[in-house]
Amino acid sequence: MISYDETKVEIVPISGEKIEGKEETVVFVEQYVKDVCDFSSQYGSNISISYTAYNIAGNPSKFPDYGDFPQAFVMRTYGPWWNKAPSRLIDYMSQNNGGVVSQDYIEDENKIILCSQDLEYYQEVYPIRVSIYETYNPGSVVGIWARNSEGKWCQLWSGVPQIVPHRPRIFSPRLQLCNFKTKMIRLEFNHDLLDYYTELDAVLLIGTSELIVPNNNLHNQNLNDLLQQLGYLEHSSDDTYNLTPHYLKANQDLAVLKKTLSKHCKLFKSMIVDNISKGKLVSKIGQHYQSVPPLEEAFNSLQQFLQEDFPKLIRDIQHSKSNALFEQDNSPDDRFLVPLTDSEYQPCGSFSALPDETVLKILKNLDLKSLCRLCRVNRQFNNIARDALLYTSLNLKPYWHCLDTVALHTLMPRCKYLQQLDLSWCGNYDMIKYEDFIQFIQTSGTLLTHLRLNCCQFVNDAVILEVTKVCKNLRELCLRNCMGVTNEGFSKLENLELFERLELYRTNIETSTLCCILRKNIQMRHLNLAGMHDRLNIDEVAVELGNSCPYLESVDFWKAQTLTPHGVRALSHCTNLREVDFGWCGGMGAPGDSLRALLSSCRYLEKVFLAALRGLTDRDLEPLLLCQRLQQLDLLGARSLTPDICYGLLLFCPKLEMIDLSFCEGISDFIVQEWRQLYPYVSIKRSFQVISSDML
């Protein structure tokens, strides 16, 4: 056994032909994250190491301790609260979303993606296990993806969010068989069921140097299925929420498997898979199957196809030609088209007699994949399923893993009436180049009013310039994490004057440019400048908002260090405010009368986040007692608050649903427990740390 950096290597013999008298072996590699490549959000800031995505790299530092630790990775949202806030985003074409909507990601190399997040590892391996060390409020991981050398993503596992007991766990869901090597992993999260922020300590990738499959001929069976079949995966009644044994026994099943590997598994050398032609046929198969089957099964399947299915296919083709079922422009490269079975080649019946307007109303409820499949039914459906009225709103975020230039060009002719477009998370790793998106905007963007490009790496100054030239009616623009846009690019937004929403989380816009944009957009209602730290002079921005944006409803200044009482007072002119987030705005210090002025002027407030404002006092919060619409209140870290003001808020704010009193030293745990019994309809948050998991 050899160890280096964060990687452990173990060489294990396996059955197979001997080469020059030497027994064939396979290398098992265990490695932690080398680097974080991409993420959608983090609770920490760019100038700190506390709660940031980069804490996921390396060995576990806190596990198996349980609790709130700054050394962990934390995302920005949890529970249903953000989806209830006035600033919430409503999905376009929500039917495209699956049963579980991913809200965050992270990626690394040896990479992993959280929230969504991308992570990178040291060595490429065939993944057989991904173990996620969750040290606080586990249960939000809903997807694990792997990326191959050509930039294509394969989903190794997907599941639903879980409600999990308050204890640490190593989450190791059963992965699908993966037929390519990877050192890039992506994790996706859904926070809807979380009671509080989730925290992750590390992510372990276990893989092999060569592809290993069970001895049987079922190519869909993976090592986890084999381990369960052999009884190596043990489950106990108190381990319902852990897909691995107790953490002290984690990966013990793999240790047993290694000892009997030659008995139960066989080895497929890399060159056998790598030498398979990468033609169109294999590429198309790869879209529908997660793995290439063993060669013997492939041969048997081919024989069966030639004897049984091929004659049937010929008859179907002849039938389709004679009846002109498909039009000439049905592109074989359409990424969403799926072959039809016999049962689907049925006549339309009376449905074809319906007026086109009625059919359009019905088809409006279909997701994008279903619309593309419908094009293959007959000529009528082919025409109507391509009707531009069905593509006025387009949500492509769920297809981030497969949306590329070809797919974008395929959709282009259908989008001449497009008004709302969400391309968030799409096009990274050169799947879409900025020139291709510019062409799409030039062809289909004239009527756009809403455009979301969050976490899109192809967005640069040229893209923003073209958007401002073409999309003159743009009311919403979301550019979270678009680090490729410079201040010069942002300055082009001054040419647009209809903005109602602008989201610039972790971008490079400068103060003078932003103020010019706000000055020309008096209809602004939602502004997100979170995570900017000291890049902007937030006081100047707040003054401009007070002077130019009287209809402002929400403002997010989270982690802005340049907000002072002067800027807070300026915002009091925006009397329609329903949501403010001043969390971790260290420049506020002691707010004085500025916060009182804001809270007194803005009586429609529903969400007020004041996390980590150490100088906050009871007097500062007194005007909130008159905010009858208040629903969410974050007072984390307000050390000087007394139980009196909090009790008053519980008593006089009838719509209050959530209040965070974590690390409020003047309020005891005993009082919090008493309030929870008296006001069960209010979710009272209280973070904590447990140094030893045994204390749980």
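Positions within a chain are numbered from 1, following the residues in the order the chain's sequence is written. Only residues with pLDDT of at least 70 get local features here, since the model is predicted, and only at 80 or more are side-chain atom pairs given and counted; chain-wide, interface and lining totals rely on the full set of residues. Each side-chain value is worked out from all heavy atoms of the structure, with water and hydrogens disregarded.

An unreviewed UniProt entry lists the chain under the name F-box/LRR-repeat protein 4, with Dufourea novaeangliae as the source organism.

This part takes up the packing of helix 15 (residues 511–520) against helix 16 (residues 538–548). Two elements in contact, helix 15 and helix 16, have axes whose closest approach is 9 Å; the angle formed by their N-to-C orientations is 10 degrees. The pairing of helix 15 with helix 16 is recorded here as roughly parallel in orientation. Along the contact surface, helix 15 presents Thr511, Leu514, Cys515, Leu518 and Arg519, while helix 16 presents Glu540, Val541, Glu544, Leu545 and Ser548. Helix axes are fitted to C-alpha atoms over the stretch in contact, other axes to C-alpha atoms as well, and angles between N-to-C directions run from 0 to 180 degrees. Runs of E in the DSSP output that reach at least two residues are strands. Runs of H or I that reach at least four are helices, and both are numbered from the N terminus. Here the word oblique covers every angle except those under 35 degrees (roughly parallel), over 145 (roughly antiparallel) and from 65 to 115 (roughly perpendicular). Working rule for contacts: check all heavy atoms of both residues, and any pair within 4.5 Å makes them a contact.

Our focus in this paragraph is empty space enclosed by the protein. Of the two site types, the cavity is a set of points on a 1 Å grid over the protein atoms alone where a 1.4 Å probe fits but cannot get out, and the pocket is an open set with protein on both sides within 12 Å along at least five of seven lines, each lined by residues with an atom within 4 Å of a point. Grid points are joined across faces, edges and corners, and a volume is the space filled by probe spheres set on the points. Within this structure, the stated rule accounts for six cavities of 30 Å³ or more. Considered as a void within the structure, the largest cavity measures approximately 100 Å³ in volume. Forming the walls of the largest cavity are 13 residues, and the residues nearest its centre are Pro127, Ile128, Leu177, Ile212 and Leu223. Sorting the residues of the lining of the largest cavity by element identifies strand 8 (116–136), strand 14 (211–214) and helix 2 (223–229) as the ones contributing at least two each. Broken down by class, the residue content of the lining of the largest cavity amounts to nine nonpolar, four polar and no charged. All amino acids are sorted into three groups, where Ala, Val, Leu, Ile, Met, Phe, Trp, Tyr, Cys and Pro are nonpolar, Asp, Glu, Lys and Arg are charged, and the leftover types, Gly among them, are polar.

Our focus in this paragraph is the packing of helix 12 (residues 434–444) against helix 13 (residues 461–470). The contact between helix 12 and helix 13 brings their axes to 10 Å, and the two run at 5 degrees. Classified by the angle between their axes, helix 12 and helix 13 sit roughly parallel to one another. Across the interface between the two elements, Tyr434, Phe437, Ile438, Ile441 and Gln442 from helix 12 touch Ala462, Val463, Glu466, Val467 and Val470 from helix 13. The residue inventory of the contact of helix 12 with helix 13, partitioned by class, reads eight nonpolar, one polar and one charged.

On to helix 13, then. Among the residues of helix 13, Val463, Ile464, Glu466, Val467, Thr468 and Val470 are the ones counted as buried. Residues of helix 13 that are buried in the fold lie against helix 12, strand 18 (450–452) and helix 14 (487–491). Polar contact is the term for a pair of N or O atoms within 3.5 Å; when the atoms are in protein, one must be able to donate a hydrogen and the other to accept it, and sequence-neighboring residues count only if both atoms are side-chain atoms. Looking at where helix 13 begins, the residue whose side-chain oxygen comes 3.1 Å from the main-chain nitrogen of alanine 462 is asparagine 460. Between buried and exposed lies partly exposed: a residue is buried under 20% and exposed over 50% of the maximum accessible area for its type, with that area taken using a 1.4 Å probe on protein chains only.

Bringing the packing of aromatic side chains into the picture now. For Phe, Tyr and Trp, where Trp contributes only its six-membered ring, two rings pair if their centres lie within 6.5 Å, and the inter-plane angle classes them as stacked under 30 degrees, edge-to-face over 60, or tilted in between. Scanning the entire structure with this criterion turns up 23 aromatic pairs. Ring centres of tryptophan 153 and tryptophan 400 lie 5.6 Å apart, and the angle between their planes is 70 degrees; this geometry places the pair in the edge-to-face category. Within this pair, whereas tryptophan 153 is found in strand 10 (residues 153–158), its partner tryptophan 400 is found in the loop between strand 16 (393–395) and helix 11 (405–411), the two being separated by 247 residues in sequence. Look at tryptophan 400 and you get buried, because its relative accessible area is 5%. The interplanar angle of 45 degrees and the centroid separation of 5.2 Å between the aromatic rings of phenylalanine 437 and phenylalanine 458 together place this pair among those described as tilted. Here phenylalanine 437 is found in helix 12, whereas its partner phenylalanine 458 is found in the loop between strand 18 and helix 13, with 21 residues between them in sequence. Just as phenylalanine 437 is buried, phenylalanine 458 falls in that class too. Here a set of aromatic residues connected by ring pairs shows up, and it is made of Tyr43, Tyr51, Tyr66, Tyr78, Trp82, Tyr136, Tyr196, Tyr197, Trp558, Trp584 and Phe609. Sitting over the ring of tryptophan 425, lysine 397 keeps its end group 4.3 Å from the ring centre. Each ring is checked for a lysine NZ or an arginine CZ that lies within 6 Å of its centre and within 35 degrees of its normal; such an atom marks a charge sitting over the ring.

When you line up the elements, glutamate 579 lands in strand 23 (residues 579–581). Separated by 3.4 Å, the side chains of glutamate 579 and lysine 607 make a polar contact. Leave out the neighbours within four places in its chain, and glutamate 579 touches Ala85, Pro86, Ser87, Glu553, Ser554, Val555, Leu605 and Lys607.

On to the environment of leucine 479. Counting through the fold element by element, leucine 479 comes out in the loop between strand 19 (476–478) and helix 14. Separated by 23 residues in the primary sequence, leucine 479 and cysteine 456 have C-alpha atoms spaced 8.1 Å apart.

This part is about the nonpolar core. By size, the foremost hydrophobic cluster in this structure holds 119 residues, and its most contacted members are Leu396, Phe437, Leu545, Phe557 and Phe582. Where each domain begins and ends is defined by an automated method or by a domain database. The residue makeup of this core includes at least three contributed by each of domain 1 (30–213) and domain 2 (510–695). Those residues within four positions of leucine 545 in sequence are excluded, and the remaining contacts are Leu518, Leu527, Leu552, Val555, Phe557, Leu571 and Cys574. With 30 residues, the next largest nonpolar core counts Val29, Leu119, Val130 and Trp157 among its residues. Here the nonpolar core consists of buried residues drawn from Ala, Val, Leu, Ile, Met, Phe, Trp, Tyr and Cys, with membership extended through side-chain atoms lying within 4.5 Å.

Let's shift gears to the sheet that holds strand 17 (residues 420–422). Whether two strands pair depends on DSSP finding at least two bridges between them. Read across the sheet, twelve strands follow the order 16-17-18-19-20-21-22-23-24-25-26-27 without closing on themselves; strand pairing throughout is parallel. Of all strands in the sheet, those bounded by a partner on one side alone are strand 16 and strand 27 (683–685). The average undirected angle you get between the axes of adjacent strands in this sheet is 5 degrees. Bridge count between strand 25 (residues 632–634) and strand 26 (residues 658–660): three bridges; the pairing is parallel. The residue of strand 26 that forms the bridge with aspartate 634 is aspartate 660.

Another point: the pattern of salt bridges. Two side chains bearing opposite charge may form a pair once their charged atoms approach each other closely. When a carboxyl oxygen of Asp or Glu is within 4 Å of a side-chain nitrogen of Lys or Arg, the pair counts as a salt bridge. For the coordinates displayed, the defined rule picks out 26 salt bridges. The partner of lysine 685 in a salt bridge is aspartate 195, and the shortest N-O contact between them spans 3.2 Å. Taken together, the residues span a long stretch of sequence, with lysine 685 in strand 27 and aspartate 195 in the loop between strand 12 (182–189) and strand 13 (199–208) at a distance of 490 residues. One connected set of salt bridges, linked through shared partners, spans Asp422, Arg452, Glu476, Arg480, Arg501 and Glu503.

Considering the arrangement of structural elements, one finds asparagine 460 in the loop between strand 18 and helix 13. In this structure, the C-alpha to C-alpha distance between asparagine 460 and phenylalanine 490, residues 30 residues apart in sequence, is 9.5 Å. In this structure asparagine 460 touches Tyr434, Gly484 and Val485, once residues within four positions along its chain are discounted. One polar contact links the side chain of asparagine 460 to the main-chain amide nitrogen of alanine 462, over a distance of 3.1 Å.

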